[in-house]
Amino acid sequence: ILLFSVVAQELSLGGCTRLTDAGLGALASIGPSLTTLRITGSELITDYGLFCVADWCHRLKVLDICSCIQISDKSLVQITRGCRELQQLNISHLPMLTKVSLKAIASRCHDLRWLDITSCQFLVKDILDFANQCASLKNLQFSILASDKDATQLLEESNIQTSGVDVHISQSA
């Protein structure tokens, strides 16, 4: 019998549209050494798949789950509990996230340096509160509705542009 061990540190499965929770769970089980996981656009992945990542991948530093549209606050909260070494997090284009996710990230991911929340449905006030709580944050990407004049005024009145955080704001129609 031949025994071997696969020690993967980075796993990029962007665009794997047939990746399921069971598949992600099996991949996450190699997790103790995994530091980077990219599963962008995997629309079959649900909270259950991310629960597996949170349970197995404690050394994760980079997580990109952009456009995994079935992900909700439940699994993102679990990710913040299990993956406290996160430095880069892309949760853009996840329509079911609320400020619960932002609060969990701010309270548990103390090494977070880069966050993309473009096209999520967060209020600008909640985004600004989040940015003020994250001392290590260096780059924040988000979008606002072009018609949201209150958001524009809040951004102008905030000190986020001068706080040392590189902010990228896009406007959506």
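The structure contained in this document is the topic of the report that follows. Because the structure is a prediction, the values reported are computed rather than measured.

1. Observations concerning the packing of helix α1 (residues 21-28) against helix α2 (residues 47-56)
Put simply, α1 and α2 touch, their axes get as near as 8 Å, and they point 5 degrees apart. One way to sum up the angle between α1 and α2 is to call them roughly parallel. On α2, the residues touching Asp-21, Leu-24, Gly-25 and Ala-28 of α1 are Tyr-48, Gly-49, Leu-50, Cys-52, Val-53 and Trp-56. Residue composition of the contact of α1 with α2, by class: seven nonpolar, two polar and one charged.

2. Focus: the nonpolar core
Ile-39, Ile-65, Ile-91, Leu-115, Ile-117 and Phe-130 are the most contacted members of the largest nonpolar core, which totals 49 residues. Going through the elements one at a time, α1, α2, α3 (73-82), α4 (99-108), α5 (124-133), β6 (139-145) and α6 (149-157) are the ones with two or more residues in this core. Looking at which element gives the most residues to this core, the answer is α5, with five residues.

3. Structural notes on the state of the cysteines
Enumeration over the complete set of coordinates arrives at zero disulfides. Sulfur of Cys-57: no disulfide; nearest cysteine sulfur belongs to Cys-83 and is 6.2 Å away. The cysteine Cys-66 is free of any disulfide, with Cys-68 supplying the nearest cysteine sulfur at 7.6 Å. Here Cys-66 falls in the buried class, since its relative accessible area comes to 15%.

4. What to know about α1
Note on helix geometry: an α-helix contains 3.6 residues per turn, so any two residues three or four positions apart are oriented the same way. By the burial criterion, the buried members of α1 are Asp-21, Leu-24, Gly-25 and Ala-28. All buried residues of α1 lie within an arc of 105 degrees about the axis, which places them on one face of the element. Seen from the open side of α1, the exposed residues pointing more than 90 degrees away from its buried face are Ala-22 and Ala-26. Residues of α1 that are buried in the fold lie against β2 (36-38) and α2.

5. So, unusual backbone geometry
Unlike most non-glycine residues, Ser-67 shows phi in positive territory, near 65 degrees. As for its position among the elements, Ser-67 is in the loop between β3 (62-64) and α3. Overall, Ser-67 belongs to the partly exposed group, its relative accessible area being 23%. Positive phi, normally seen in glycine, also occurs at His-93, with a value near 60 degrees. If you trace the backbone, His-93 turns up in the loop between β4 (88-90) and α4. For His-93, a relative accessible area of 34% puts it in the partly exposed group.

6. Structural notes on the pattern of salt bridges
For the coordinates displayed, the defined rule picks out three salt bridges. Residues Glu-85 and Lys-61 are paired through a salt bridge, measuring 2.8 Å at the closest nitrogen-oxygen approach. You can see Glu-85 sitting in the loop between α3 and β4 and its partner Lys-61 sitting in the loop between α2 and β3, a full 24 residues away along the chain. A relative accessible area of 31% places Glu-85 in the partly exposed class. Classification of Lys-61 as partly exposed rests on a relative accessible area of 30%.

What counts, and at which threshold
- Residues numbered from 1 in each chain as written.
- Predicted model: local features only at pLDDT ≥ 70, side-chain atom pairs only at ≥ 80, totals over all residues.
- Heavy atoms only, no water.
- Axes fitted to C-alpha atoms, helices over the stretch in contact; angles between N-to-C directions.
- Helix = DSSP H or I, 4+ residues; strand = E, 2+ residues; numbered from the N terminus.
- Parallel < 35°, antiparallel > 145°, perpendicular 65-115°, else oblique.
- Contact = heavy atoms within 4.5 Å.
- Nonpolar A, V, L, I, M, F, W, Y, C, P; charged D, E, K, R; others polar.
- Core = buried A, V, L, I, M, F, W, Y, C linked by side-chain atoms within 4.5 Å.
- Buried < 20%, exposed > 50% of the residue type's maximum accessible area, 1.4 Å probe, protein only.
- Disulfide = S-S within 2.5 Å.
- Arc of directions from axis to C-beta.
- Salt bridge = Lys/Arg side-chain N within 4 Å of Asp/Glu carboxyl O.

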